[in-house]
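Listed here are the chains, written in short residue letters.
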Amino acid sequence: MSTPILAVSRRTRRTPFTERLAAHGVKGYTVYNHMLLPTAFRSLEEDYWHLRRHVQVWDVFCERQVELKGPDAFRLTQMMTPRDLSRIEIGQCVYAPIIDEAAGMINDPVVIRLGEDRFWLSIADSDVVLWAGGLAHGLDLDVEVFEPDAGPLAVQGPRADDLMALVFGDEVRRIRFFRSAMLSFMGHPLLVARSGWSKQGGFEIYVDDWEVGRALYDRLFAVGEVLDVGPGCPNLIERIEGGLLSYGNDMTRANNPLECGLERYCSPDSRHEHIGRAALDRIRANGPARMVRGVRLEGAALAGPIEPWPVRKRRGRAQVGAVSSATWSPRFSGIVGFAMMEASASMIGTSIEVETPEGMRSGVVVALPFEEAPGDAKPAAPRSAAKTAKAGRPAARKKS
């Protein structure tokens, strides 16, 4: 069977680094916010182990920014999310689910406050700029809503601090988790945040000039040879083991934040009004009908779901959920994944049967995030002059 080809056109926009990725031997792409997002370089498992042990540079320019600027910028940002943003400081980043009038998840961005009346929503894969622009127009708010040509170049892995310090100096080590600073490269100021879509720790550098971005990309690889730097991308194995849900895969507009385990990012006692508040309050009072859970399945490795796999409590019984993402975990020596389960069937420890394309698999419902595997070891210390540097604190792009 031939491999399907992704046809690239003006609708699938390139990034500043697309040619660099080709030179590094990128094996595949997906489409994310109408842009190319690499999916693998060596193999899924080789990329996974390299990310856990060394440092990688990721082209995640597809994580687009929606900018809200003007006197009503805070009001509009707050109206879109159930999370109370009243204490967010300039330079701070916070994870904030965006919901509609029925409390359905529209997106789950990182909100960055750039100024008193200026915010960036660093979005997952949906057209938030249209939602925000429509609200601003319909409510006659004094705010500009647009998508600047800016996106992250991520540095992820246990040696991320060391690599970043070689380029930006030791000042970068002082950036706290989910905080940012303006740092200079080639005389050009760049927003640098300690964040990223992995559990291994690292940074996101918000590139707003393509030529500067390409020079930065090349510099990271040139100085990073002593740290075994490599190209990378969000890794399915690492994502699932780390309990990081993917919008569009594991949660959609059909789900609400409480179903997705995001209650801590909703503020029921906030005095600020937001869209979907009444619906979310009703769901909270009655309890969510479904809950996202971890699952562990028996048997040999198999390709993860393109369409969700039905989950049953016992063979032949009614469906009680669906597996949205799954992969073979080399650390757990088994298949791990996420499932959206009926609340009554989602108790931790429940035995399940999952219909996969290769037949039924037995499994069990487990808590998220997955526990550390037996015998997990810390990554080896750097072999370079940077060996005395502190490793970055564990950081997940979608959790603060």
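Residues numbered from 1 in each chain as written. Predicted model: local features only at pLDDT ≥ 70, side-chain atom pairs only at ≥ 80, totals over all residues. Heavy atoms only, no water.

**Examining the overall build of the protein chain**
Part 1 of the reasoning: When its secondary structure is counted, the protein chain shows 8 helices and 21 strands.
Part 2 of the reasoning: Scaling as 2.2 N^0.38, a compact globule of 400 residues should have a C-alpha radius of gyration of about 21 Å, and the protein chain matches this with 21 Å.
Part 3 of the reasoning: When burial is assessed residue by residue, the protein chain has 57% of its 400 residues classed as buried.
Part 4 of the reasoning: Considering only residue pairs separated by 6 or more positions, the protein chain has 68% of its internal contacts joining residues 24 or more positions apart.
Part 5 of the reasoning: If you sum the accessible surface of the protein chain, you get close to 17,800 Å²; carbon and sulfur atoms cover 51% of it. (Helix = DSSP H or I, 4+ residues; strand = E, 2+ residues; numbered from the N terminus. Rg over C-alpha atoms; globule rule 2.2 N^0.38 Å. Buried < 20%, exposed > 50% of the residue type's maximum accessible area, 1.4 Å probe, protein only. Contact = heavy atoms within 4.5 Å. Areas by Shrake-Rupley, 256 points an atom, 1.4 Å probe, with all protein chains shown as cover.)

**Points about the sheet that holds strand 9 (residues 118-122)**
Part 1 of the reasoning: In space, the 5 strands of this open sheet follow the order 5-8-9-4-10, with antiparallel pairing throughout. Two strands bound the open sheet, and with one partner strand each, they are strand 5 (93-95) and strand 10 (144-146). Direction aside, the axes of adjacent strands within the sheet are offset by 20° on average.
Part 2 of the reasoning: Bridge count for strand 5 against strand 8 (residues 110-115) is 3 bridges, and the pairing is antiparallel. (Pairing = 2+ DSSP bridges. Axes fitted to C-alpha atoms, helices over the stretch in contact; angles between N-to-C directions.)

**With respect to the environment of T12**
Part 1 of the reasoning: Along the polypeptide, T12 turns up in the segment before helix 1 (18-23).
Part 2 of the reasoning: Residues contacting T12, with those up to four places away along its chain left out, are A7, V31, H34 and L36.
Part 3 of the reasoning: A distance of 2.8 Å separates the side chain of T12 from the backbone nitrogen of S9, its partner in a polar contact. (Polar contact = N/O pair within 3.5 Å; in protein donor to acceptor, adjacent residues only side chain to side chain.)

**So, the nonpolar core**
Part 1 of the reasoning: Membership of the largest hydrophobic core comes to 67 residues, with the highest contact counts inside it found for L163, F168, V172, V192, I205, L216 and L220.
Part 2 of the reasoning: Not counting the four nearest positions on each side in its chain, F168 is found in contact with L183, S184, F185, L190, V192, I205 and L216.
Part 3 of the reasoning: Counting 24 residues, the second largest nonpolar core, distinct from the first, contains L68, M80, F119 and I123. (Core = buried A, V, L, I, M, F, W, Y, C linked by side-chain atoms within 4.5 Å.)

**Re helix 8 (residues 277-286)**
Working note: α-helix, 3.6 residues per turn, so residues spaced by three or four point in the same direction.
Part 1 of the reasoning: Those residues of helix 8 that sit buried are R277, A279, L280 and I283. For helix 8, the buried positions fall inside an angular range of 160° around the axis, keeping them on one side. Of the exposed residues in helix 8, the ones pointing more than 90 degrees away from its buried face are R282, A285 and N286. (Arc of directions from axis to C-beta.)

**Details of helix 2 (residues 44-53)**
Part 1 of the reasoning: For helix 2, the complete set of buried residues consists of D47, Y48, H50, L51 and R52.
Part 2 of the reasoning: Buried residues belonging to helix 2 abut strand 2 (35-40), strand 3 (55-59), strand 11 (151-156), strand 15 (229-232) and helix 7 (236-241).

**Details of the pairing of strand 1 (residues 28-32)**
Part 1 of the reasoning: Bridge count between strand 1 and strand 2: 5 bridges; the pairing is antiparallel. Opposite Y32, over in strand 2, you have M35 as the bridge partner.

**Thoughts on unusual backbone geometry**
Part 1 of the reasoning: The step from L368 to P369 runs through a cis peptide bond, and the omega angle for that step is -5°.
Part 2 of the reasoning: With respect to the secondary-structure elements, P369 resides in the segment after strand 21 (359-366).
Part 3 of the reasoning: Phi is positive for D140, close to 55°, though the residue is something other than glycine.
Part 4 of the reasoning: The topology assignment puts D140 in the loop between helix 4 (128-138) and strand 10.
Part 5 of the reasoning: According to the relative accessible area criterion, D140 is exposed, its value standing at 69%.
Part 6 of the reasoning: Even without being a glycine, S333 presents a positive backbone phi close to 55°.
Part 7 of the reasoning: Relative to the helices and strands, S333 resides in the loop between strand 18 (319-329) and strand 19 (334-342).
Part 8 of the reasoning: The exposed category is assigned to S333, whose relative accessible area is 53%.

**What to know about the packing of aromatic side chains**
Part 1 of the reasoning: One pass over the full model with this rule turns up 11 aromatic pairs.
Part 2 of the reasoning: Judged by centre distance (5.5 Å) and plane angle (20°), the rings of F17 and Y217 are stacked. Note that F17 is positioned in the segment before helix 1 and Y217 in helix 6 (residues 210-223), a separation of 200 residues in sequence. Pair check on accessibility: F17 and Y217 agree, each one buried. (Phe/Tyr/Trp six-rings, centres within 6.5 Å; stacked < 30°, edge-to-face > 60°.)

**Section: the sheet that holds strand 15**
Part 1 of the reasoning: Reading across from one edge, 12-13-14-11-3-15 is the order of the 6 strands in this open sheet, with mixed pairing throughout. Sheet topology places strand 12 (180-185) and strand 15 at the edges, where each strand pairs with a single neighbour. Neighbour-to-neighbour, the strand axes of the sheet open up by a mean angle of 30°, direction not taken into account.
Part 2 of the reasoning: One ladder, built from 3 bridges, connects strand 13 (residues 188-193) with strand 14 (residues 202-207); its direction is antiparallel. Counted as the bridge partner of L191 is Y206 from strand 14.

Interpretation in functional terms is not warranted from these geometric data alone.
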